[in-house]
Amino acid sequence: DRAADRAEKDTEIPALKQAETEERYKVEVRDSVFKGPENAPVTIVNFTDFQCPFSKRAIDLINELLGTYDGKIRYVFKHHPLPFHKMAKPASLAAIAAHKQGKFWDYHDILFANMKEVSDANLIKWAEEAGLDMNKFQKDRNSSEVSRVLSNDASQGSKFGVRGTPTIFINGRRIVGANNEIISKTVVEEIANGERLRAKGVKNIYGEIIKDGLLKYTPPKRKPPEIPKDVYKIEYPSSSVLHGNAQGYVTVVIFHDYECHFSSGLHETMEQLKKEYDDIFRFVYINLPLRFHQKAVPAALAALAAGRQEKFIEMNDLLLKKQREWKKAPDFESWIEKEAVKLGLNVDKFNKDMSDPELTKLIDKDRDFANRIGVRGTPATFINGRHISGALPVESFREVINEEFERAESIKTDEITGDKLYYELIKEGRPGLSVIRGAEKKNQNRNEIVEIKLRGDEPRLGSADSPVTIIEFSDFQCPFCKMGSDTVKKLVKEYDGKVSLIFKHTPLDFNRNAHKAALFTIAVKNIYGDNKFFDIGDLLFNNQNQWKNEAEKNFEKYATSAGLDWSKIKLEMENPKTVNILESDVALAAQLGIKGAPEFFINGRRVSGAKKINHFKVIIDNILKSSTE
């Protein structure tokens, strides 16, 4: 499962700033196909994917550089087909087969020129057009030898931290994404470096440059975020499921969604902590199925129904551990019934209980409780009342647990245990997050800088090098969001090169089709890139009344009018990667205390609501002025 999770997280990588280019990695050329002089001053090793538009962008630049610096560059091609590109692996196998007949680059060019048309039939057709021996081609592309070549590239890429495409090594210096400026600059620097070695008579320039390079990529360790010591008075519903040591020192209240990728990650963390801390925990489970997860409510009903046969925890664990399996199952009811049999449940009773309206009422009660205290995203955890948003590293939880164990131990007696101990620990706690956030907004320091951690794959309008970045949290069905969106786009245009915009999704629960619209636009971004994302976003904002009732029918119309393939988009909307992106944005919004939309952050300065353009200009002008002083 972990290997599958890692594969699912592989991604196409757009242009990004890259801070690791000074380090060198010992990436060997091996038997990979290349063009250019073997002892050129610069060796570019490119791990790429034939269906990735960002890979195409990088390759277009590399071809330009090969022409500009004729004889100075050796270009090495490595295969790294991404798992969510269904034809990327077959395309790589076909290209390797073409290489066995000396036609790799011809076939390579055809593939990238027709990347949207890759199919098995076309792979054969293009092989014929390239003049290949078709019997040999068919035999080779299905051979274990060709498969091994691809596997070797993928294995080498994994060793050097290739998680997405393109990932490029220029004389061993690692560059992630199709960042033309950084690629070009690094090539120029390395030509000079290689020429100095050539002048000294070095025969194997690349080997000399990388001889002391790093043998593998080690991701930088991030310092775990500091968890505030604020305690909240989380008085959970009496109907909530409670599990663990009834007299435990530490009460963990978990708001989760069985279909949420991050809830599954939190479950793994909690399983690890249970082993470390034995029986100090009392766990309280609150259901918060998010609106855009179609199977989340049935899954919650399954856990509660199993609970009526004393098997809640077993079903809870099963649903979270096998999440990938049942999310892909075409029929959840059939899947869960088979699992119920394996758990030894009375299946007739289980099915009857899943249909019991009383269980649905319990889920609604949990939702109301979450809404009342201001919990919007999943997972959200309260440890003796201390709030942790999201599936943070285990170290963050461990630190809070240690502190809360000591706090509980200082007041625990034979009489004060379990619920009495918990309510004693939280009795002076602050009210729910929604109340606190409202007060904080009211008294907010306008100069406060909010640090926002981005994934790096968000849609961007404008240059990544702009001194001012506006992060927009928005909902395509919200009329105020349309006003706000129009304003910030005008600012990007007016402050050409000085202001860029990053879009984050915050679909509001009461907007029925907002979640579906978010998935639609994320799918467009994943397949077609930033420009098409904003084009489709404008169509949604400008036609809110049209699609609020017949969403999917109109989404297809908008996609077709923009020249996009609706069938591909629809499939991508169901991709776990697409759903995870939306979950990530919703979780971040909850962490930042965003209750409505739109919300903007201008270099970290918060602006709530669709303010007039001059309000934004004052902030932007002050930032630009201070940056030049």
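In this text, all values refer to a predicted model and were calculated from it rather than measured experimentally.

In terms of regular secondary structure, the chain is built from 27 helices and 17 strands. Computed over the C-alpha atoms, the radius of gyration of the chain is 27 Å, within 12% of the 25 Å expected from 2.2 N^0.38 for a compact globule of 629 residues. Each of the three principal axes of the chain carries a C-alpha extent, and together these read 85 × 65 × 55 Å. Going through the 629 residues of the chain one by one, you find that 54% of them count as buried.

With that settled, the discussion passes to the packing of helix α21 (residues 514-528) against helix α24 (residues 551-561). The geometry of α21 relative to α24 is characterised by a closest axis approach of 11 Å and an angle of 25 degrees between their N-to-C directions. Judged by the angle between their axes, α21 and α24 are roughly parallel. Between α21 and α24 lies a crossing of right-handed hand. Residues Lys 516, Ala 517 and Phe 520 of α21 lie in contact with α24, whose contacting residues are Ala 551, Phe 555 and Ala 559. Classifying every residue of the contact of α21 with α24 gives 5 nonpolar, no polar and 1 charged.

Overall, mixed pairing links the 5 strands, which are arranged β13-β15-β14-β16-β17 in an open sheet. Looking at which strands have only one partner, the edges of the open sheet turn out to be β13 (460-461) and β17 (605-608). Here strand β16 (residues 599-602) pairs with β17 via 4 bridges, running antiparallel. Each bridged residue has a counterpart across the sheet, and for Ile 602 the counterpart in β17 is Arg 605. Against the sheet, helix α22 (residues 530-542) contacts β13, β14 (468-474) and β15 (499-505), and its axis sits at roughly 65 degrees relative to β15. Its contacts with the sheet put helix α26 (residues 576-591) on β14 and β15, and the angle it makes with β15 is roughly 100 degrees.

This brings us to helix α10 (residues 261-277). Compared with an ideal rise of 1.5 Å per residue, which puts 17 residues at 24 Å, α10 spans 25 Å between its outermost C-alpha atoms and is within 8% of the ideal. Taken together, the buried positions of α10 are occupied by His 261, Ser 263, Ser 264, Leu 266, His 267, Thr 269, Met 270, Leu 273 and Tyr 277. Where α10 terminates, the next one or two residues include Asp 278, which has phi positive at roughly 60 degrees.

Quick notes on the rules
- Residues numbered from 1 in each chain as written.
- Predicted model: local features only at pLDDT ≥ 70, side-chain atom pairs only at ≥ 80, totals over all residues.
- Heavy atoms only, no water.
- Helix = DSSP H or I, 4+ residues; strand = E, 2+ residues; numbered from the N terminus.
- Rg over C-alpha atoms; globule rule 2.2 N^0.38 Å.
- Buried < 20%, exposed > 50% of the residue type's maximum accessible area, 1.4 Å probe, protein only.
- Axes fitted to C-alpha atoms, helices over the stretch in contact; angles between N-to-C directions.
- Parallel < 35°, antiparallel > 145°, perpendicular 65-115°, else oblique.
- Left-handed = near helix turned anticlockwise from the far one by under 90°.
- Contact = heavy atoms within 4.5 Å.
- Nonpolar A, V, L, I, M, F, W, Y, C, P; charged D, E, K, R; others polar.
- Pairing = 2+ DSSP bridges.
- Expected span 1.5 Å × (residues − 1).

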